[in-house]
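Descriptive structure summary
Letter by letter, the chains look like this.
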Amino acid sequence: MTLKTGASVALLMLLLGASVAVAQTAPPQQRPTPTAPATTEIPKVPVTGQILVQDANTILARELIGLTVYAPDKAKIGAISDLILGKDGRTVDGFVIGVGGFLGIGEKAVALKMDRLQINHNGDGTLQLMMDVKKEELTNAPSFKSKRDQDAERQAERARSQPPVKPTQRP
């Protein structure tokens, strides 16, 4: 072993020994005792017009959307896919029901006024939706066009009625 290597090893051993000795002689550290965080919770105050609990005489939209509507003969008509709200946001004017098709393919949307829907509560708390119309009648009825559908049709009609733009030739 060379003198430099031996000195390096000796120095390393000395440093390791010193750190082990320090680690052995250092007093054990005490863990800080956890303290409960100070809570400065602001009391909750309802705002004007806030509803804190759902009234027993109300239904949430999500409870209607997706539910199957049945005809008087218990035949399935279709499922509610959307609700039509008044512009003021205060009234539900109607509902949209998907009719016809198979597994959603070929299904069309038909909208009806809310008074056409009879909502019954079953003994187990679930809702049952009935209509006084047959599925065939709705299948033969015109499709519902949302405002978005109407705007898209107008835009497509404008695009068809405008003459095509000819590319300009550059010399």
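Quick summary incoming for the structure in this document. All residue numbers here refer to positions counted from 1 along the written sequence of the relevant chain. Residue-level local features of this predicted model are given only where pLDDT is at least 70; pairs of side-chain atoms are given and counted only at 80 or more, and the full residue set underlies all totals for whole chains, interfaces and linings. For side-chain calculations, the full set of non-hydrogen atoms in the structure is used, while hydrogens and water are omitted.

1. Thoughts on the layout of surface pockets
- Here the term cavity refers to a set of points on a 1 Å grid, laid over the protein atoms alone, in which a 1.4 Å probe fits but cannot get out; the term pocket refers to an open set having protein on both sides within 12 Å along at least five of seven lines, with lining residues being those that place an atom within 4 Å of a point. Grid points are joined across faces, edges and corners, and a volume is the space filled by probe spheres set on the points. Considered as a void within the structure, the largest pocket measures approximately 300 Å³ in volume.
- Numbered from the N terminus, helices here are DSSP runs of H or I no shorter than four residues, and strands are runs of E no shorter than two. Contributing elements (two or more residues each) for the lining of the largest pocket: α2 (61–64) and β2 (76–85).
- Residue polarity is assigned by list, with Asp, Glu, Lys and Arg as charged and Ala, Val, Leu, Ile, Met, Phe, Trp, Tyr, Cys and Pro as nonpolar; anything else, Gly included, falls into the polar class. By residue class, the composition of the lining of the largest pocket is 11 nonpolar, two polar and one charged.

2. Some remarks on the sheet that holds strand β1 (residues 68–70)
- Across the sheet, which stays open at both edges, the six strands sit in the order β4-β3-β2-β1-β6-β5 with mixed pairing between neighbours. Unpaired on one side and paired on the other, β4 (108–113) and β5 (117–121) mark the two borders of the sheet. Going from strand to strand, the sheet's axes swing by 40° on average, the running direction of each strand aside. The pairing criterion is simple: DSSP has to find at least two bridges between the two strands. Here the axes come from fitting lines to C-alpha atoms, over the contacting stretch only for helices, and the angles between their N-to-C directions go from 0 to 180 degrees.

3. Some words on the pattern of salt bridges
- A pairing counts as a salt bridge when a side-chain nitrogen of Lys or Arg comes within 4 Å of a carboxyl oxygen of Asp or Glu. For the structure on display, the rule yields six salt bridges.
- Between E153 and K145 there is a salt bridge, and its shortest N-O distance comes to 3.3 Å.
- Buried, partly exposed and exposed residues are distinguished by accessible area as a fraction of the type maximum, computed with a 1.4 Å probe on protein chains only: under 20%, between the cut-offs, and over 50%, respectively. On the basis of relative accessible area, K145 is assigned to the partly exposed category, the value being 44%.
- Note that K147 is salt-bridged to D151, the shortest N-O span being 3.3 Å. Of this pair, K147 and D151 both sit in helix α4 (residues 147–161), four residues apart, roughly one helical turn.
- A relative accessible area of 58% places K147 in the exposed class.
- Through salt bridges with shared partners, a single network forms among K147, D151 and R154.

4. A word on the side chain of K108
- Looking at the secondary structure, you find K108 in strand β4.
- A polar contact is formed between the side chain of K108 and the backbone oxygen of T139, at a distance of 2.7 Å.
- In what follows, a contact means two residues having at least one pair of non-hydrogen atoms within 4.5 Å. If sequence neighbours within four positions are ignored, K108 has contacts with I97, G98, V99, L138, T139, N140, A141, P142 and S143. Polar contact is the term for a pair of N or O atoms within 3.5 Å; when the atoms are in protein, one must be able to donate a hydrogen and the other to accept it, and sequence-neighboring residues count only if both atoms are side-chain atoms.

5. Re the environment of V133
- Tracing the backbone shows V133 in the loop between β6 (127–131) and α3 (135–139).
- Classification of V133 as buried rests on a relative accessible area of 6%.
- Along the chain, V133 and Y70 lie 63 residues apart, while their C-alpha atoms are 8.9 Å from each other.
- Residues within four places of V133 in sequence aside, it is in contact with A71, P72, I77, R116 and L138.

6. Focus on the pairing of β4
- Because side chains alternate across β4, one face comprises the buried residues K108, V110 and L112, and the other comprises A109, A111 and K113, none of which is buried.
- Here six bridges tie strand β3 (residues 92–99) to β4, and the two strands are oriented antiparallel to one another. Looking at the pairing, G98 lines up with A109 of β4.

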